[in-house]
Amino acid sequence: MALPNRVKKLLDNAEQLNDYKDCSAYFYKWLHNEFSKQPVRNLINARAEFIDRLLIKLFNDTGLAQYPEIALIAIGGYGRGELHPYSDIDFLLLVQSPPDEQLTNNLEAFVTLLWDLNLEIGHSVRTHEQVLEQKKQDVHFTTSLLESRLICGNHIEFERLKSHIMETPIWRSDEFFLAKLDEQKVRHRKCHGTAYNLEPNVKENPGGLRDLQTIFWVAKKHFHAETLEELISHGYLTHEEYQELLECIENLWNIRFALHLAAGRNENRLLFDHQPNAAELLGFGAEGKASVERMMKRLFRIMSRVREMNQMLLSYFEQSILPDSAEQTAVPLDRNFERVGNKIRVKNPSVFFRREQLFVLFEHIADNSEIIGIDPNTIRTMRQVRRRLLGDLQDYAGCRDAFLRLLKHPNGMGRAFTLMHKHGLIAAYLPQWRNIFGQMQFDLFHAYTVDEHTHKLVKNIYQYFDKTQPSDFPICSEIVTRMDKPELLYLAAIFHDIAKGRGGDHSELGAVDAQAFCKMHGFTTSDSRLVAWLVKSHLLMSVTAQRKDINDPDVINEFASQVKNERQLDYLYCLTVADIRATNDNLWNDWKNTLLRELYLHAQRALRLGLENPMDMRDQIRDKKRQAKQRLINKGFEEEFIDLSWSRFKANYFTAFSEQQISWHSEHLLKSKDLSQASVMVSEKPLHGGTQVFVYSPYEATLFAKLVSVIGSKKAQIQHAQVMTTKDGYVVFSFVILEVNGNPIASTRANSIRRGIEAVLQDPKKKIRLKKNRSQRFKDFNIKPKVIVRPHARSDRNLIEIQAIDIQGLLTKIAEVFQANSLHIHAARITTVGERAEDFFVVSDENYKALSEEHKAELHRDLMKKLNAESE
């Protein structure tokens, strides 16, 4: 489409820098206004034309046109004539010989003007020989030259360069193909191998624009094709597939164009910040989450199609470009399938008229570790079959039998399940899966769509069974060896989040779906109940471990009574560990691992004792004291002094800590020999999954606020806190802290934290400064702070629950409010889920009594005021 006459006129008449800026501003305003009116192809071509005219004008104005040997050449996306609103402008200034001083000055003036116009440019000045030398070393540069286009200048030099690019055997077709294949693999790995990140990169993600461009680059290099349409004549594309590719390109262009407009810059990652504006620009509405969900589902469906087409076409290219791959011997698998190299191939496409054969194909993949992919002809056939399905594959009895065989197959939930997910067979089988395909999750801890999270969860469970690799989860690996029906665990994983996005409690709704599935597939009543219970209760263990005191016998007994038996505990533990690990690559750490393991072991013991014989606190304390004392005696401490030091502590101290922690605390205190002095300990090695901080000090109401401030100032994250007083007016603080990345604190940092705490204890007036550091991305989640003041099990205390964004210094702010309200903190449970804090405090008033109604209202008001101020 032609540029508006006003833009051309402004550009032609531009003389000063401000004239060019005014012209650019008018053009970008026009581009924005036309987005809802014009096909996106017209607009990206229009921007390329605008930049062409701008460069030619500046080329002339800066005197470069007086050098007839220079050629100004567009390369990369700009060379294709495709420029999104803020895309980089890549060009090559081809010269016959290295520029002299005068030419250098002109070139610098030309480039400086482009920078002054705030254009993102990628440029180089090269002789013909330098271009060919760089081409030898850099496949990226070679790729950009494939799409080169003369803007102005010496056309003879440009044509000579083009012929060298295509004809010189610096990068043979096979070398170029393998290089682009490796490049794509690296790019996909950076995206964790999935297109379904909640903030996808529309250019770089699997299924993004780069995957489409890779197809075109290889076709252009090997077949000298100028358009994708030419692949039809070469036999690699059908007319239907060509139209599908055009549709996918158009959709991805639309989304990328809207993203640039929403961000106001060259941005290819669809961040949460930009999703609402982009959705509105694309016509999905201004309804916030609902609009974003519609846009993202569209995007993920497109990316899924692009990724599949990319895989199919690159496999075809491989057979054509790499002769060895085309000459591999076919190994029969049965009368319908054969293995060719490392791919499976259907012998006769008509086989899939018997729909169960779709799953037999994946049974062969499960049976044969040599098979890592699917032949391109077979992918094409599967795509055609999938499009022509009139109902769900689970409606066919043969498909149900085949699916169950895969579910029970030792390798069925490995590569076979991944390929079924990737090629849309799970969605074709389960109607509920289609609902969660590309389903967004608007929180601060999930990193993937619901379907991809579930896929990763199934993969995590499958790893428990892998005997070839050392297990990071030995309890899970040991449990699954004695599990009589692993398929029930896999089913619970598949259904655990399948009802998300429907409204209502997804656990309850998913349990109903799971039970219906089990009934349709002939599971026994008891097995169906187990799967449904696991789906309904899949959050029970993580909530208990992360939000409650698992050293409290009452908590353990309550949890055990909900689990009911060891079999359900085993299944739930394996499901929970895999679920948390599949949520976000940054969420899992040793601390969470330790919490879940200890909860599992405590609950297992409670179940073995029998629910009718609940664990008694006195028995627990007696066992811990006995084991801790033996540790101390073995280190040379006398029993008399051990008992004397322990006499200062109340019973809750011995229930709150393990025997290992008790002996560690006691060893340090006994060595000091003066229990009237404050004492600080920071473990140099991880203990129970995290770095432990233990502070023993005379009681002082402001001390909690000071301690959390010191720890926050050291850029450490508090995962857990315990606060308790002794019989003689001292206080014990215990923290579990981690680095921001979830790892335990480095030993050198541990010493720094210890010294910082000691300095505050020695100088109570010492000021601690924290920088406010809140990411802008939080604003789009609209997570409002929540404060709930509840009664506690003890009548003289209250339980306060606080949910808020986990900004730096949050605990300090909370502690300051507690201090202003003259509260005593008896215990604290600090939980960080992604970037959301869920903190629990047990408090009493200044007279060690429960808060009055008036005091509760005042505290709630003060906390909300402070938290709302911090979230703005």
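This section reports on the structure supplied with the text. Predicted, not measured: the structure shown is a model, and the values here were computed from it.

Before going further, it helps to spend a moment on the overall build of the protein. Helix and strand content of the protein: 38 helices and 16 strands. Dimensions of the protein along its principal axes, counting C-alpha atoms only, are 100 × 75 × 50 Å. Scored against the burial criterion, the 872 residues of the protein give a buried share of 56%. If you take every contact in the protein between residues at least 6 apart in sequence, the share linking residues at least 24 apart comes to 70%. Accessible surface, the protein as shown: approximately 37,700 Å² in total, 48% of it carbon and sulfur. Between the averaged position of the 116 positive side-chain charges in the protein and that of its 114 negative side-chain charges there is a distance of 3 Å.

Here we come to the sheet that holds strand β7 (residues 343-346). Taking strand neighbours across the sheet as the criterion, the four strands line up as β5-β6-β7-β8 in an open arrangement whose pairing is mixed. Unpaired on one side and paired on the other, β5 (330-332) and β8 (373-374) mark the two borders of the sheet. The pairing of strand β6 (residues 337-340) with β7 spans four bridges and is antiparallel. In the sheet register, Glu338 faces β7, and the bridge partner there is Arg345.

To continue, consider empty space enclosed by the protein. As enumerated under the stated definition, the model contains three cavities of 30 Å³ or more in all. Its volume calculated, the largest cavity comes out at about 100 Å³. Of the residues assigned to the lining of the largest cavity, the class counts are 12 nonpolar, three polar and one charged.

Two elements in contact, helix α12 (residues 239-263) and helix α14 (residues 289-321), have axes separated by 10 Å at closest approach and are oriented at 135°. On the basis of the axis angle, α12 is oblique to α14. As α12 runs across α14, the sense of the crossing is left-handed. Of the residues in α14, those touching α12 at Glu241, Glu244, Leu245, Glu247, Cys248, Asn251, Leu252 and Ile255 are Arg298, Leu299, Ile302, Arg305, Val306, Met309, Met312 and Leu313. Classifying every residue of the contact of α12 with α14 by side-chain character gives 10 nonpolar, one polar and five charged.

Evaluated as defined, the whole model comprises 32 aromatic pairs. Considering the side-chain rings of Phe27 and Tyr28, the 5.7 Å spacing of their centres and the 65° angle between planes classify their relative orientation as edge-to-face. Cluster of aromatic residues (ring-pair linked, three or more members): Trp646, Phe649, Tyr653, Phe654, Phe657, Tyr696 and Tyr730. Over the ring of Tyr448 we find Lys456, and its NZ or CZ is 4.8 Å from the ring centre. Stacked on the ring of Tyr730, the Lys or Arg Arg648 has its end atom at 5.3 Å from the ring centre.

The buried fraction of strand β14 (residues 798-805) amounts to seven of the eight residues, a majority that puts the element mostly inside the structure. Relative to β14, strand β13 (residues 786-791) runs antiparallel, the two being bridged by six bridges. Bridge pairing in β14 places Val789 opposite Ile800. The antiparallel pairing of β13 with β14 creates a hairpin that spans six residues between the two strands.

On to unusual backbone geometry. The phi angle at His224 is positive, at roughly 55°, despite the residue not being glycine. Judged by relative accessible area, His224 falls into the partly exposed class, the value being 43%. In this structure, Ser822 is a non-glycine residue whose phi angle is positive, near 55°. The class for Ser822 is partly exposed, based on a relative accessible area of 35%.

We now examine the pattern of salt bridges. For the coordinates displayed, the defined rule picks out 53 salt bridges. Ionic pairing is found between Arg187 and Glu204, a salt bridge with its closest N-O pair at 3.8 Å. Placement of the pair is Arg187 in helix α9 (residues 173-190) and Glu204 in the loop between α9 and α10 (209-223), with a sequence separation of 17 residues. Among the ionic pairs, Arg305 bridges to Glu247, the shortest N-O distance being 3.3 Å.

Below, the discussion takes up helix α36 (residues 747-762). Between its first and last C-alpha, α36 extends 23 Å over 16 residues, near the 22 Å set by a 1.5 Å rise per residue. Inspection of α36 places Ala750, Ile753, Gly756, Ile757 and Val760 among the buried residues, and these make up the whole buried set. Buried residues of α36, seen end-on, are gathered within an arc of 125° and therefore sit on one face of the element. Relative to its buried face, α36 has exposed residues pointing more than 90 degrees away, namely Thr748 and Gln762. For α36, the elements touching its buried residues are β9 (679-682), β10 (691-698), α35 (703-713) and β12 (730-738).

To continue, consider the sheet that holds strand β2 (residues 89-95). Taken together, four strands build an open sheet; the order of strands is β3-β2-β1-β4 and the sheet is mixed. In the strand order of this sheet, the two ends are held by β3 (121-127) and β4 (149-153), each with one partner. Across the sheet, the mean angle from the axis of one strand to that of its neighbour is 25°, orientation sign disregarded. Pairing of strand β1 (residues 71-74) with β4, which is carried by four bridges, proceeds in the antiparallel orientation. Bridge pairing links Leu72 to Cys152 in β4.

Core analysis: the largest hydrophobic core is formed by 211 residues, its most contacted members being Phe110, Phe317, Phe359 and Phe362. The contact partners of Phe362, leaving out residues within four places of it in the chain, are Ile374, Met382, Leu406, Ala416, Leu419, Met420 and Leu425.

We now examine the packing of helix α32 (residues 639-646) against helix α34 (residues 659-672). At a closest axis distance of 11 Å, the pairing of α32 and α34 adopts a crossing angle of 100°. The orientation of α32 with respect to α34, classified from their angle, is roughly perpendicular. From α32, Phe641, Ile642, Ser645 and Trp646 reach across to α34, where they touch Ile662, Ser666 and Leu670.

In this model, helix α5 (residues 101-116) (16 residues) spans 22 Å end to end at C-alpha, consistent with the 22 Å of a helix rising 1.5 Å per residue. Among the residues of α5, Leu103, Asn106, Leu107, Phe110, Val111 and Leu114 are the ones counted as buried. Projected onto a plane normal to the axis of α5, the buried residues spread over an arc of 125° and lie on a single side. Packed against the buried residues of α5 are α3 (40-61), β1, β2 and β3. Structurally, the start of α5 carries an N-cap: the backbone nitrogen of Gln102 is 3.3 Å from a side-chain oxygen of Asp100. Two residues or fewer past α5, Asn118 is found with a positive phi of approximately 60°.

Further remarks concern the side chain of Ser734. Mapped onto the elements, Ser734 comes out in strand β12. Those residues in contact with Ser734 that sit more than four places away from it in its chain are Phe657, Gln692, Val693, His720, Ala721 and Gln722.

The next point concerns the environment of Asp554. Along the chain, the position of Asp554 falls in helix α28 (residues 553-563). Residue classification places Asp554 among the exposed residues on the basis of a relative accessible area of 55%. Measuring from C-alpha to C-alpha, the distance between Asp554 and Asp616 comes to 8.7 Å, with 62 residues separating the pair along the chain.

You can see Asp22 is positioned in helix α2 (residues 17-34). Using a relative accessible area of 51% as the deciding quantity, one classes Asp22 as exposed. Sequence separation between Asp22 and Leu11 is 11 residues; the distance between their C-alpha atoms is 9.2 Å.

Cut-offs and rules
- Residues numbered from 1 in each chain as written.
- Predicted model: local features only at pLDDT ≥ 70, side-chain atom pairs only at ≥ 80, totals over all residues.
- Heavy atoms only, no water.
- Helix = DSSP H or I, 4+ residues; strand = E, 2+ residues; numbered from the N terminus.
- Buried < 20%, exposed > 50% of the residue type's maximum accessible area, 1.4 Å probe, protein only.
- Contact = heavy atoms within 4.5 Å.
- Areas by Shrake-Rupley, 256 points an atom, 1.4 Å probe, with all protein chains shown as cover.
- Lys, Arg positive; Asp, Glu negative; His and termini not counted.
- Charge placed at Lys NZ, Arg CZ, Asp CG, Glu CD.
- Pairing = 2+ DSSP bridges.
- 1 Å grid on protein atoms, 1.4 Å probe; cavity = no way out; pocket = protein on both sides within 12 Å on 5 of 7 lines; lining within 4 Å.
- Points joined across faces, edges and corners; volume = space filled by probe spheres on them.
- Nonpolar A, V, L, I, M, F, W, Y, C, P; charged D, E, K, R; others polar.
- Axes fitted to C-alpha atoms, helices over the stretch in contact; angles between N-to-C directions.
- Parallel < 35°, antiparallel > 145°, perpendicular 65-115°, else oblique.
- Left-handed = near helix turned anticlockwise from the far one by under 90°.
- Phe/Tyr/Trp six-rings, centres within 6.5 Å; stacked < 30°, edge-to-face > 60°.
- Lys NZ or Arg CZ within 6 Å of the ring centre and 35° of its normal.
- Salt bridge = Lys/Arg side-chain N within 4 Å of Asp/Glu carboxyl O.
- Expected span 1.5 Å × (residues − 1).
- Arc of directions from axis to C-beta.
- Core = buried A, V, L, I, M, F, W, Y, C linked by side-chain atoms within 4.5 Å.
- Polar contact = N/O pair within 3.5 Å; in protein donor to acceptor, adjacent residues only side chain to side chain.

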